[in-house]
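Fold and contact review
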Amino acid sequence: MEADLMLHEGEEKSTLWSFLHRHAASSPAPAPAMPGRALDIRGLSFSYGQHGVLDDISLSVKPGEICGLLGPNGCGKSTLFRCCMGFLHPQKGHVRVHGVNIAHMKPSALAAHVAYVPQEHRQPFPFSARDMVLMGRSPKMAGWFRLRRDDERIAEEAMARIGILHLAERPCNQLSGGQRQLVLIARAMAQQTPLVLLDEPTSSLDFSNQLSVWNVLREVASQGVAVLVCCHDPNHILWFCDKAAVMHQGRICAEGPSAEVVTQELLQHIYGPQCLRLGTGRASMVCPSLGRD
Amino acid sequence: MLRKLRSCIALLLCAALLSGFVLSLGAGSYDIRFADTAAVLLSKLGLAGPADRMHELIVWDIRMPRLLLACVTGMAMAASGAVYQGCFRNPLVEPYILGVSAGAAWGASLAVVFPLLFPNGQVSAFLFALLAVLLSFFLARTSGETPPVTLVLSGIIVGSLFSAFVGIMKYVSSDTELREITFWMMGGFYYAGWQDVFVTACTVFPCLALLTALAWKLNILSLGDEEARSLGLQPDLCRAAFIVLATLAASVCVSAAGIIAWVGLMMPHAARMLFGPDNRWVIPASGILGALYLLLCDTLARTLTGAEIPLGIVTSIVGAPYLLWLLRAKGRESYGS
């Protein structure tokens, strides 16, 4: 499946459009049997001291759904993610994961439900990519954290799925930023949780790796996993996400199916007047307005 | 493949330790031939008749506990150094940080100067080392969090405070007491007896076994608090457990052998070069390397000259250039930026 997403050199531009059409036709993902909300954020407010960052945020993600979080730099996306992971404690509101308030969850229980891909990763010790992915299996291991052969196999599969098997023995702190990002995504895949949070997972990836990451996300979503991903490219949200939530100045200013939410007016509202949304049939694209419209 | 290679290196190291141990038994100001050493060992194991009385005294009652104590101390220092480095995500940390040595030194000097109040030097050294660690831990704790850098800084503060207390002890002590404190602080195994070996071994081995069993958690802890949390660990709790275990192992050795520098810094780095960064290998490997290293240093200390050179001097002279090389050759690569 990964192969048909790759765009090879020499292929005409129409391939992109046919790919997008095909993709638009295949979404939204089939709704899984699991009812309820995988992630439910209600009335969340957070401030660092006097400096308010999040103001009354409400957002929910259903199983099998990819929710894209769009917003300008510094609008509080990462802070929202850190509240969802229990790193920060919100002053108001709550975050529920499968109906359980995360304030009452131990890290071990939370890690069994939520995988988190941080924006960047710094590590003083040269762990190999394989070890790093294997660490994603930790929440599933018994009390003393013993690795089973199964864990090794799942880690290997996750690496194959992301396409980084050839990096397995390389030390993570010698990889490029993009390769490190892929390792972290593979780790989250190996964690096999029903909810995955990704903080700008494609920010330093090349085009084909971006596509293969989105492809993997669509694949896991089709298996009933809920995905909340924060992303700076409105096109990715239009093309790959079922649902979009737009954050602006610490608040959610729009939420709904991505094609309906990511409109030209909204983009111009948050990014300024240089945004154009073009539509060709079922696929849409956001472009800069070059010179005169 | 990799696993086999690692096992081979580990076996080689164990063999080196064992043979080094037997050879060191024979070395010293009174040279004993290998055959005589073996005779003593065999007779003690009940496999041969009684050996020469003189040889037995030297090999079994003087050198054996001394070498064993050197090995156990090296093991504890190196393994706890590896654990501290993982805990604080800082490859330049060793048991000194957190004030283990300074705390233990004060405890021991108190026992020397006020023997009535502190009858047992080892116990009081151990208690004060623990006090120093707890103090630096709780000083660094602000509003439920323990930032690693703050912890290291508070360890340095507590360490210098306790060193000042040692200074006071030296000031008020008599000449003989001053001599005793100074010798103890330089580090060495001259007074080692079987009693010390039992006490340290019984503390160090369970600690190291636990630390090795928990090593995978240490790997995750070394990713940083947030990532550790997202992988299901309670970072503060986990770090506290590692610090207590590592400090227990280190302080009981400091109280038996004095302040021995550098082992806890050098050996984990050497272990990482040989076995990679996975703490499941690094902790036991630095243990073996530490034992080997202290055995070597101690043997050098007692054979180089007619008189004994304090061990702390030998380890520092060997260790300082090593750290310099580490900083200059591997600086950016090993320590990030």
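Structure shown above.
In this text, all values refer to a predicted model and were calculated from it rather than measured experimentally.

Residues and elements named next belong to chain A. Strand order across the open sheet formed by four strands is E2-E1-E4-E5, with antiparallel pairing between neighbours. Each having just a single partner strand, strand E2 (51-61) and strand E5 (100-101) make up the two edges of the open sheet. In this structure, strand E1 (residues 39-48) lies alongside E2, joined through seven bridges in antiparallel fashion. When the bridges of E2 are listed, Ile 41 appears paired with Leu 59. Contacts from helix H2 (residues 77-84) reach E1, E2 and strand E4 (92-97), with the element oriented near 115 degrees to E1.

Turning to unusual backbone geometry, a few remarks are in order. Trans is the prevailing form of peptide bonds, just as negative phi is the prevailing case for residues other than glycine. Residues and elements named next belong to chain A. In this structure, His 98 is a non-glycine residue whose phi angle is positive, near 50 degrees. Mapping His 98 onto the fold places it in the loop between E4 and E5. Its identity is not glycine, yet Gln 192 carries a phi of approximately 50 degrees, on the positive side. Relative to the helices and strands, Gln 192 is located in the loop between helix H6 (177-191) and strand E7 (195-199). What makes Gln 192 partly exposed here is its relative accessible area of 44%.

Residue and element names in this part refer to chain A. One way to put it is that helix H5 (residues 149-162) packs onto H6 with a least axis distance of 8 Å and a crossing angle of 135 degrees. One finds that H5 runs oblique with respect to H6. With respect to the hand of their crossing, H5 and H6 are arranged in right-handed fashion. Judged by residue contacts, Ile 154, Ala 155, Ala 158, Met 159 and Ile 162 of H5 engage Leu 182, Ile 185, Ala 186, Met 189 and Ala 190 from H6. A breakdown of the residues in the contact of H5 with H6 according to their chemical character gives 10 nonpolar, no polar and no charged.

We now examine the sheet that holds strand E3 (residues 66-70) of chain A. All names here are of chain A. The strand order E6-E7-E8-E3-E9-E10 describes an open sheet built from six strands, whose pairing is mixed. Each edge of the sheet is formed by a strand with only one pairing partner; in this case those strands are strand E6 (114-117) and strand E10 (251-257). Neighbour to neighbour, the strand axes of the sheet diverge by 15 degrees on average, direction disregarded. Judged from the six bridges that link them, strand E9 (residues 243-248) and E10 form a sheet pairing that is antiparallel. Within the sheet, the bridge partner assigned to Val 246 lies in E10 and is Ala 254. Its contacts with the sheet put helix H7 (residues 207-222) on E3, E7 and strand E8 (226-230), and the angle it makes with E3 is roughly 135 degrees. Strands E3, E9 and E10 of the sheet are contacted by helix H10 (residues 264-271), whose axis makes an angle of about 30 degrees with E9.

The next thing to look at is the state of the cysteines. Residues and elements named next belong to chain A. Within the structure shown, the criterion is met by zero disulfides over all chains. Among the cysteines around Cys 83, which has no disulfide bond, Cys 84 carries the closest sulfur, lying 6.9 Å off. Here Cys 241 is not disulfide-linked; the sulfur of Cys 231 is the nearest cysteine sulfur, at 6.6 Å.

All names here are of chain B. Listed in full, the buried residues belonging to helix H2 (residues 34-44) are Thr 37, Val 40 and Ser 43. Along the axis of H2, the buried positions cluster into a sector of 135 degrees, meaning they face one direction only. On its buried face, H2 sits against helix H1 (2-26) and helix H3 (53-88).

What counts and what doesn't
- Residues numbered from 1 in each chain as written.
- Chains lettered and ligands numbered in written order.
- Predicted model: local features only at pLDDT ≥ 70, side-chain atom pairs only at ≥ 80, totals over all residues.
- Heavy atoms only, no water.
- Pairing = 2+ DSSP bridges.
- Helix = DSSP H or I, 4+ residues; strand = E, 2+ residues; numbered from the N terminus.
- Contact = heavy atoms within 4.5 Å.
- Axes fitted to C-alpha atoms, helices over the stretch in contact; angles between N-to-C directions.
- Buried < 20%, exposed > 50% of the residue type's maximum accessible area, 1.4 Å probe, protein only.
- Parallel < 35°, antiparallel > 145°, perpendicular 65-115°, else oblique.
- Left-handed = near helix turned anticlockwise from the far one by under 90°.
- Nonpolar A, V, L, I, M, F, W, Y, C, P; charged D, E, K, R; others polar.
- Disulfide = S-S within 2.5 Å.
- Arc of directions from axis to C-beta.

Treat this as a map of the structure, not an account of what it does.
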